[in-house]
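Structure assessment
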Amino acid sequence: MGSKDARRLFLILLFMPFALWIILLIALPNIGMFILSLQEKVGPRVYTYGIANYVEFVNEPIYWNTLLRTATISLLVTALTLLIGFPVAYYIAKIAKKQSKGALFLLCLIPLWVSDLVRAFGWILLLRETGVVSGALQWLGLIDQPVELLYNDVTVVIGLIYTVILFMIVPLVSTLDGMDDSLVEAGFNLGGGRATVLRRIIIPYAMPGIVAGCIVVFMLTAGSYLTPILLGGKNSMWFTEQIYDQFITRYNWESGATFGVLLLVFTSAVVWLGLRLSGQTLAGTVAKS
Amino acid sequence: MNGMKAKLAIGAAVALGLMARTDGAQAETLRLLTWGSYAPDKVIQMFEEKYPDINVEVTFSNNEEMIAKLRATGGGGYDLAQPSHDRVYAAQLEYDIYKPLDLSKIDTSVMDENLLSGVKANTTIEGEVYSVPHQWGTSGLMADVTKAPELKSWADLCDPKYKGKTSMRLKRTILLGTAFAMGEDPFAAYSDLDKYQQILDEVAVKLIECKDNIKTYWQGGDDLSNLMLSGEIVASETWDSTAYRLFSENQNIRFIPPETGALAWIDTFTIPRKGEADDAAYKWINFVLQPEIVTMISASSGAIAAVQGGVGLMPDDKRAAVEAAFDDEAIANLKFFANIPPGVEDMEGKTLEKIKAATAN
C-alpha cells in the first residue's frame, strides 16, 4: 500500500507546476479581473457592485467601435497570414529536401529571437519618411518626393503579419508533414487538376493545422499592444490601447477590467464561431498540433 | 497516514517557499521610483560612497505608472517616489498611497521659496504636507526657427501652412494648451466641472479639426526627437527638456513658450505609505539638493532644480538653451499645473479618446 501512496504523491508532484501555473497565473487573475469589472466607484475609496461598467461600454460607440475594428483587422491579418503562410509551410513540409528542412524552419524562427519592440522599431526605420525604403525609392528615381509609409492601417497589418506568421507556419508544417505523398499522387492519377487536388485533398487534410494556426494568430493579434501602437497612425485605435489607457492614464481600473473581460469573451466567441463554421473541435486542432 | 504526510510535506514546501525572502542583508535598500533621468549612475555611486550602508535601487517610470504601481500595492514596494505636484493630492485622497513628510528632516532652506510654498499648498491634506519640490520644467512648443519662424501659440500647430509637418502628444497637456489658446482658463474651471466639460468639448472640436494637419501623435521623447531631427516635422508640442537636448544638436531647434504661457510642472519628493527606508529617503533628498549634484542631475534631465538659483546651477549648454527660450516676461507668464481634482482625469481621458477615434474631414 506504501507504493500506491508513493505513486499518488509522484503524480501530484508532477501535476503541481501545471496546476499552480493555471490557478495562480491564469484562473485567479481572471477571476479577480471579473470581480473588479463589477465594481462601481461612487466616491473616493467607496465602491459598490453593479454592471455599470458594462452598460457604459454598450452606451459608448467609441469603445465598441474600437473592439470591432480590432476584431476586423485581426481577422484580416489572420486570413492574410494563412494565405502567405500556407505556401511557405507546404514548401517546408513537402517540397524542400530533408536536409534543408531544419534550416528553413530555423530561418522562420529567427525573427522570434528579437523582442517585439525591436522588431517594431526595425519597421519604423525602414518605413519612415526619411527611412530606408523611401530613400531607396527616391534613389531609384521611382518617386521624386519622400513618401511616408508609416502611421497607417496597412503598416499595422504588415507589422502584425510579420510578428505572428510563425505561429501559422508551425502547426501547418506539422500537419502537412504527416500527409502521405501518395494521397496527392492518387489525386493527380485520378485526373484531378492542381486546384482540385488542393481543394479536395490537401486543404481538408491540413484543416486541423489551419484552424489551430488561425486560432493562435487571431488571439495573438487581437491581444497585441506594441505593434499597433508604434506603427499605427493618428486614427488607429487598438482595443488593448483602450485597456491600457483605462488602467494607467485614467486610473479607472474598474472599466479597464471590464474591457479586459470583454476582449476575452469576444475573442473566445469569434474562435468558437470559427470552429463551428469549419466543423472542427478545439481538441482536434490546437491540442493536436 | 502516508497521504496525510504527503499533504503536510506539500504544505511545508509551499510555506517555506513563501517565507524565503531576501531579508537578512545588512545594508539598507533605498528603492527609488523616479523619472528616467533623475538618478544618473554617477549620482547613485556618489551617494553610496557617502552612505556605504545604503544600497540604491532605481525604477524609472512616469506619473501615471507611478500612481498605478503604488495603487496596486497600497503604497508599498518603493521608499521614495517623484510624482508631479499636481498628481499628489487626488491620488492620496483616492488611494491613500503616500505618507506625510517630516519636514524637520529636510533642508528646505536651500529650496526656492516660491516653488516650495506652491508645492506645500498643493499637497497639504488635513494639515499634513506630503511633498516637497525637486525639479521643475515646462511644456510648450518647439520649432525649427528656420522653417517655422512665426510659431507662437498652441493653435499654430493647426495652422494649414504647416500641414503634415507638426506633431503633438495626445495627452492632457495639449488639451490644456488648446484651452488657453482659445482664451479659456481651464485651471480656474476645475472648480466647476460642468464648465470644464464645456471647455473640453470645444477643445475636442478644435483638435479633431486639427488632426488632418498633424503628421502623427508622438509617443515618447525619442520618437519626438527623431521626427524633429530628421526634419519630418518642423514644429511640435514638447517637453522643454527634449527641446533643450535637441538645441544642443541643432541650434535652430528652439523651445518656444506659447504666448499664453508655458505650462509648468514641478516633480516632487513624496514618500509612499508603506515605504520602509524613510531615513535613507530623507538622506537622498538632502543629498541631491547639494549644488554640485543639482548640476549633475540637471545635465541629465534638462530640468531646473527647485533650489535657489536653480537656473544658474544648470550646465552651460542647458542654461544657454533655457536663456534662448525664456525671457523674464515668459517666466512671469508661466502657468503652473493646478491640482487635478478627482474625476477630471476621467473627463480628460474621454475627450482624448474622442479625438483619437474621430476621423478628420
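All values reported here derive from a predicted model rather than from experimental measurement.

Here's the deal with the overall build of chain A
A count of helical and extended segments in chain A gives 12 helices and 2 strands. Each helix and strand of chain A, placed in order from N terminus to C terminus, yields the pattern α-β-β-α-α-α-α-α-α-α-α-α-α-α. Principal-axis analysis of the C-alpha atoms gives chain A an extent of 85 × 75 × 35 Å. For chain A, the proportion of its 289 residues judged to be buried stands at 31%.

Observations regarding the overall build of chain B
Secondary structure summary: chain B contains 15 helices and 14 strands in total. Along the first, second and third principal axes, the C-alpha set of chain B runs to 80 × 50 × 45 Å. Expressed as a percentage of its 361 residues, the buried residues of chain B come to 43%. Restricting the contact set of chain B to residue pairs at least 6 apart, pairs at least 24 apart contribute 77%.

Examining the packing of helix α3 (residues 61-95) of chain A against helix α15 (residues 344-357) of chain B
Put simply, α3(A) and α15(B) touch, their axes get as near as 10 Å, and they point 45° apart. Relative to α15(B), α3(A) is oriented oblique. By crossing handedness, the relation of α3(A) to α15(B) is classed as left-handed. Residues I62(A), N65(A) and T66(A) of α3(A) lie in contact with α15(B), whose contacting residues are E353(B), K354(B) and A357(B). When its residues are assigned to classes, the contact of α3(A) with α15(B) shows 2 nonpolar, 2 polar and 2 charged.

Observations concerning the environment of I44(B)
All names here are of chain B. Relative to the helices and strands, I44 resides in helix α2 (residues 41-50). It is 9.6 Å that separates the C-alpha atoms of I44 and V288, two residues lying 244 residues apart in sequence. Dropping the residues within four chain positions of it, I44 is found in contact with A39, V56 and V58.

Brief notes about the confidence of the model for chain B
Mean pLDDT over chain B stands at 89; residues scoring 70 or higher make up 92%. This prediction of the complex comes with two scores: 0.83 for pTM and 0.80 for ipTM.

Some words on the nonpolar core
Among the nonpolar cores identified, the biggest contains 92 residues, and L30(B), L80(B), W136(B), M142(B), A143(B), A235(B) and A281(B) are the most heavily contacted of them. Two domains share this core, each providing at least three of its residues, namely domain 1 (27-136 + 264-326) and domain 2 (139-262 + 338-357) of chain B. Apart from the residues lying within four places of it in its own chain, the contact partners of A235(B) are L141(B), M142(B), A143(B), A148(B), L151(B), L157(B), Y162(B) and T166(B). Listed in part, the 37 residues of the second largest apolar core include L127(A), L150(A), I161(A) and L166(A).

Description of helix α10 (residues 240-249) of chain B
With 7 of 10 residues buried, α10(B) lies mostly within the body of the structure. Buried within α10(B) are the following residues: D240(B), S241(B), T242(B), A243(B), Y244(B), L246(B) and F247(B).

Quick look at the interface of chain A and chain B
Taken together, the contact pairs 22 residues of chain A with 24 residues of chain B. Of all the elements in the fold, those that place two or more residues in the side of chain A that touches chain B are α1 (2-37), α3 and α11 (239-249) of chain A. For the side of chain A that touches chain B, the element with the highest residue contribution is α11(A), accounting for 4 residues. Across the side of chain A that touches chain B, the residue classes tally to 8 nonpolar, 8 polar and 6 charged.

Notes on the domain arrangement of chain B
All names here are of chain B. We note that the domain assignment places domain 1 (27-136 + 264-326) and domain 2 (139-262 + 338-357) within chain B. When each unit is reduced to the centre of its C-alpha atoms, the spacing between domain 1 and domain 2 is 26 Å. Counting residues at the interface gives 18 residues for domain 1, matched by 16 residues for domain 2. Sorting the residues of the side of domain 1 that touches domain 2 by element identifies α4 (89-95) and α13 (316-325) as the ones contributing at least two each. Ranked by the residues each element gives to the side of domain 1 that touches domain 2, the list is headed by α13, at 6 residues. In the side of domain 1 that touches domain 2, the residues fall into 10 nonpolar, 3 polar and 5 charged.

Focus: the environment of E259(B)
Residues and elements named next belong to chain B. Within the secondary structure, E259 is located in the loop between β11 (253-256) and β12 (263-272). In this structure the C-alpha to C-alpha distance between E259 and N333, which are 74 residues apart in sequence, comes to 8.5 Å. Look past the residues within four positions of E259 in its chain and what remains in contact with it is K152 and S153.

Re the pairing of β12(B)
All names here are of chain B. Burial analysis of β12 places 10 of its 10 residues in the buried class, which makes it a mostly covered element. Residues L263, W265, D267, F269 and I271 line one face of β12 and the alternating positions A264, I266, T268, T270 and P272 line the opposite face, and both faces are buried. With 2 bridges joining them, strand β4 (residues 98-99) and β12 adopt antiparallel strand pairing. Paired with Y98 across the two strands is P272, which belongs to β12. As paired elements, strand β7 (residues 131-144) and β12 share 8 bridges and run antiparallel to each other.

Procedures and definitions
- Residues numbered from 1 in each chain as written.
- Chains lettered and ligands numbered in written order.
- Predicted model: local features only at pLDDT ≥ 70, side-chain atom pairs only at ≥ 80, totals over all residues.
- Helix = DSSP H or I, 4+ residues; strand = E, 2+ residues; numbered from the N terminus.
- Buried ≥ 20, exposed ≤ 12 C-beta atoms within 10 Å, placed from the backbone.
- Contact = placed C-beta atoms within 7 Å.
- Axes fitted to C-alpha atoms, helices over the stretch in contact; angles between N-to-C directions.
- Parallel < 35°, antiparallel > 145°, perpendicular 65-115°, else oblique.
- Left-handed = near helix turned anticlockwise from the far one by under 90°.
- Nonpolar A, V, L, I, M, F, W, Y, C, P; charged D, E, K, R; others polar.
- pLDDT = per-residue confidence, 0-100.
- Core = buried A, V, L, I, M, F, W, Y, C linked by C-beta atoms within 7 Å.
- Domains from an automatic or database assignment.
- Pairing = 2+ DSSP bridges.

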